[in-house]
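Spelled out, the chains give:
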Amino acid sequence: MDKENKQKIGSTGLKKYYSLIISGIVFFLLLLFFTSCQDNQSDVITTAAGDDNFSAGFYSEPAGDNTLQLTEVKFVLRKLVLEPENNENECDVKLGPFIIHLDLGSKVVSAGIAKLPSGLYDEVKFQVHKPTPNDGITDPDFVESNHKRYSVVVRGYYNSVPFAYKSSITVAKEIELEGGPVSIGAAPPMVYLTIRVNPYNWFWENGNFLDPAIENNSHKIDQNIRQSLRRAFRDMDQNGEPD
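Here the structure is a predicted model, which means the values were calculated and not measured.

## Side note on the side chain of Asp141
Mapping Asp141 onto the fold places it in the loop between strand E5 (119–128) and strand E6 (143–145). What makes Asp141 buried here is its relative accessible area of 13%. Within the local environment of Asp141, its side chain forms a polar contact with the side chain of Arg155, the two groups lying 2.8 Å apart. With near-sequence residues (within four places) excluded, Asp141 lies in contact with Glu72, Lys74, Tyr150, Val153, Arg155 and Lys166.

What follows is the structure in structure tokens.
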């Protein structure tokens, strides 16, 4: 075998060797990524009883008067994630879509429970979005037909007249936690996070409640919904107030 052929064979062998090394490194990095927060997706991994260390919920502030009384408030969340302080991989608390029914009696409603990696977390992210045909949402309030799908549904009374307000808006939220980052340990006790909202403010403008039945008010109501859902904090006693 001449010198030139030997060099070609040697070069080919080195290329295969380096290719195997690079493939191994890529596999290792992917393994690290998917075993950090991805293994803690509460919809994918079933943790042992008592093994969860984080819970997120929504709290509805009390309000209303003789003009406006709400009897039902619910919306569709596509996902709920917590972000570490160092801006590394987001950790899924719950993947959606799923429906949140606010408790109008001023009680925290659980949105998701999960086992998260220990560390400091400083932001919560979620998205309100109307369901798609493949989402599995069957509540007829949100899915009237293939062409009428809603992300937010509110029922109540305006001047004693019943109403049902429905919106198809999309709301993407990234909320910095009040009081600084929360520390989550590798094991229980559970850390509770509350996202606070006042749905009555959705219908409020210039000192008066808007009539949800008037179509021209829908733009302002939707704008109010987008601007709400902006408070989140550690709430160990689950009373809707920051610790």
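Additional details are given in the paragraphs that follow.
## Examining the pairing of E5
Of all ten residues in E5, seven are buried, a share of seventy percent or more. Pairing between strand E2 (residues 68–84) and E5: seven bridges, direction antiparallel. Paired with Leu80 across the two strands is Phe126, which belongs to E5. Bridging between E5 and strand E11 (residues 182–184) involves three bridges; their strand directions are antiparallel. Bridge pairing in E11 links Gly119 to Ile184. Pairing of E5 with strand E10 (residues 171–176), which is carried by six bridges, proceeds in the antiparallel orientation. Residue Val128 lies in a different strand from E10, and its bridge partner there is Val171.

## Here's the deal with the environment of Ser118
Mapped onto the fold, Ser118 is located in the loop between strand E4 (109–114) and E5. Not counting residues up to four positions away in its chain, the partners in contact with Ser118 are Ile184, Gly185 and Ala186.

## Structural notes on helix H2 (residues 218–227)
Within H2, the full set of buried residues consists of Ile221, Asp222, Asn224 and Ile225. One side of H2 carries all its buried residues, which in axial view fall inside an arc of 155°. On its buried side, H2 packs onto strand E8 (152–158), strand E9 (161–167), E10 and strand E13 (204–205).

Cut-off values and rules
Residues numbered from 1 in each chain as written. Predicted model: local features only at pLDDT ≥ 70, side-chain atom pairs only at ≥ 80, totals over all residues. Heavy atoms only, no water. Helix = DSSP H or I, 4+ residues; strand = E, 2+ residues; numbered from the N terminus. Buried < 20%, exposed > 50% of the residue type's maximum accessible area, 1.4 Å probe, protein only. Polar contact = N/O pair within 3.5 Å; in protein donor to acceptor, adjacent residues only side chain to side chain. Contact = heavy atoms within 4.5 Å. Pairing = 2+ DSSP bridges. Arc of directions from axis to C-beta.

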